[in-house]
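As a plain string of letters, each chain reads:
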Amino acid sequence: MAGGTAITAAAAIGAAQRAVAAGDTPPNIVYIISDDQGWKDVGFHGSDILTPNIDKLAAEGTQMTDFYAQPLCTPTRAALMTGRYPLRYGLQLGVIPSGGKYGLDTEEYLLPQAMKDAGYRTAMVGKWHLGHADTKYWPRSRGFDTFYGALVGEIDYFDHTAHGITDWYRNEEVIEEEGYATTLFGQEAARVVEAHDGAAPLFLYLAFTAPHTPFQVPEEYLARYAHVADENRRTYSAMISAMDDEIGRVLAALDSKGMRDNTLIVFQSDNGGVKSASFTGESAVSGDLPADNGPYRDGKGSTYEGGTLVTALMNWPGKVPAGEVTGMMHVVDMLPTLASVAGASLAQSKQLDGMDMWPTIRDGGTSPRTSLVYNVDLTSGTVREGDMKLVWTASLPPMVELFDLAADPGETTNLADQKPDVVAQLQAEVLRLSREMAMPLLFPTMVAITYSQPPIFAGR
């Protein structure tokens with residue numbers, strides 16, 4: 001294996017050198033992802049939350065107006081890394097819990113591996129959440145040269161623990177540091193940029209935990225929102241502004257290093273904002289949930305638009321035009337798109353669900369994608385063909401909903417009874433996908449956790 005990897009890397013570096021000699025230098029790529037950020041919770045979507053750095057990236061770059069993620073954290077990150085829907089490898093249901101022993105299938109060829117094989121230096125800063133119980137699932141085993149951050153899905157922002165256990169790593173070593181997690185992530189990402197030697201392009205994956213629960217932020221950020229009456233909304237807003245400041249720090253580092261003009265930046269949220277207490281995570285949350293998904297129905301954990309349609313943009317000075325790209329795009333499209341930009345081979349990937357969107361983004365226009373799989377698991381399936389979207393709950397009590405998203409983006413009118421032929425067509429697609437899907441890996445973990453607990457006796 002080591003010999004094969006070395007040969008592959010050498011071949012990729014040779015290809016990169018030939019590209020540079022031809023004057024076609026691959027860009028640096030900085031991929032930024034926020035956690036549980038509502039669709040409307042950026043300034044350029046009309047929010048009162050202050051996000052000047054994200055807004056500037058949007059104004060000077062391309063907004064991907066119909067960009068979809070999975071409804072939960074782990075599935076979205078897996079889809080980004082593989083270019084394949086999570087139903088293909090058992091991560092379509094739930095997230096990897098703290099007690100989970102599984103992770104993203106090591107047979108999958110991941111985005112950082114493709115970038116590294118193409119001659120990139122690869123670095124990850126932030127939240128992983130694709131497997132923590134075995135080092136074979138950890139970032140440096142999956143294509144990243146360096147890793148700094150947390151492995152599980154939710155940590156305390158100040159003491160960097162999950163269930164009282166420190167989850168803060170540099171590479172494979174647990175470290176103890178003081179500081180606010182969002183700030184530390186931004187500082188580390190800026191250091192990665194500042195230390196980059198330029199001998200090879202940089203792929204930096206910056207995955208913030210903000211604004212995921214617990215709602216925590218330094219007092220100086222709360223002061224910016226003293227006028228906001230609701231405590232959760234005040235803290236949530238401040239968390240997003242803290243993240244925006246750190247994005248600004250990274251942009252400043254790129255400018256100072258002279259890298260900005262040859263750096264492609266992608267920004268997206270991992271799913272819609274939380275609207276149901278069932279999906280706030282492992283922290284206790286009281287009061288109203290603060291995320292705003294604009295006109296879209298529901299939020300995180302749901303395959304309605306509010307759970308899956310997310311803020312997304314690309315920015316590359318002189319290469320990505322200012323404006324919008326309309327039409328469906330999905331996070332699975334990002335692996336083939338970035339591979340296209342980088343000149344990376346995906347010959348080792350399994351069959352992709354994603355499409356190369358680079359020509360559309362580069363030239364502007366409308367996405368060529370005509371269909372979308374929101375999710376399929378053992379009890380439900382949501383798919384879309386054109387503007388028609390089926391939300392099918394097959395477990396009892398069953399429910400079939402059909403929406404025309406062009407006429408009804410808020411999903412208020414169920415057309416299932418009026419269009420039975422469309423329902424039948426889309427249900428057939430869900431059934432086809434169900435025959436291809438892997439068993440959800442969460443199931444055996446749920447059973448093990450449930451039936452391995454000691455008995456609870458009254459008075460003892």
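Before going into details, it helps to say that this report is about the structure given with it.

Conventions adopted
- Residues numbered from 1 in each chain as written.
- Predicted model: local features only at pLDDT ≥ 70, side-chain atom pairs only at ≥ 80, totals over all residues.
- Heavy atoms only, no water.
- Pairing = 2+ DSSP bridges.
- Helix = DSSP H or I, 4+ residues; strand = E, 2+ residues; numbered from the N terminus.
- Contact = heavy atoms within 4.5 Å.
- Axes fitted to C-alpha atoms, helices over the stretch in contact; angles between N-to-C directions.
- Salt bridge = Lys/Arg side-chain N within 4 Å of Asp/Glu carboxyl O.
- Buried < 20%, exposed > 50% of the residue type's maximum accessible area, 1.4 Å probe, protein only.

### Digging into the sheet that holds strand β2 (residues 62-64)
Pairing between the strands of a sheet is mediated by backbone hydrogen bonds and can be parallel or antiparallel.
Working step 1: The mixed open sheet is built from 11 strands, whose spatial order is β9-β8-β5-β4-β10-β1-β11-β12-β2-β13-β15. Each having just a single partner strand, β9 (173-174) and β15 (365-366) make up the two edges of the open sheet.
Working step 2: As judged from the three bridges shared by β2 and strand β13 (residues 323-326), these two strands associate in the parallel manner. Note that in β13 the partner of Thr 62 across the bridge is Gly 323.
Working step 3: Its contacts with the sheet put helix α2 (residues 52-60) on β2, β11 (263-269) and β12 (312-315), and the angle it makes with β12 is roughly 70°.
Working step 4: Lying over the sheet, helix α5 (residues 181-195) contacts β4 (121-127), β5 (146-150), β8 (169-170) and β10 (202-207), oriented at roughly 180° with respect to β10.

### Considering the pattern of salt bridges
When the charged atoms of two side chains lie near each other, side chains of opposite charge can form a pair.
Working step 1: Applying the stated criterion across every chain yields a total of 24 salt bridges.
Working step 2: Notably, a salt bridge pairs Arg 77 with Asp 270, separated by 2.9 Å at the nearest N-O pair. On the criterion of sequence distance, the pair formed by Arg 77 in helix α3 (residues 73-82) and Asp 270 in the loop between β11 and α8 (305-308) is long-range, its members being 193 residues apart.
Working step 3: Exposure remark for Asp 270: the relative accessible area of 0% places this residue in the buried category.
Working step 4: Ionic pairing is found between Arg 369 and Asp 333, a salt bridge with its closest N-O pair at 2.5 Å. Taken together, the residues span a long stretch of sequence, with Arg 369 in the loop between β15 and β16 (371-376) and Asp 333 in the loop between β14 (329-330) and α9 (334-342) at a distance of 36 residues. Take Arg 369 and Asp 333: they sit in the same class, and that class is buried.

### With respect to the sheet that holds strand β19 (residues 399-404)
Working step 1: What the four strands build is an open sheet, ordered β16-β17-β18-β19; its pairing is antiparallel. This sheet does not close on itself; its edge strands, each paired only once, are β16 and β19. Within the sheet, the average angular offset between the axes of one strand and its neighbour, ignoring direction, is 10°.
Working step 2: Two strands pair when backbone bridges link them, and strand β18 (residues 388-393) and β19 are joined in this way by six bridges, in the antiparallel orientation. Its bridge partner lying in β19, Met 388 is registered against Asp 404.
Working step 3: Against the sheet, helix α11 (residues 420-436) contacts β16, β17 (380-385), β18 and β19, and its axis sits at roughly 60° relative to β18.

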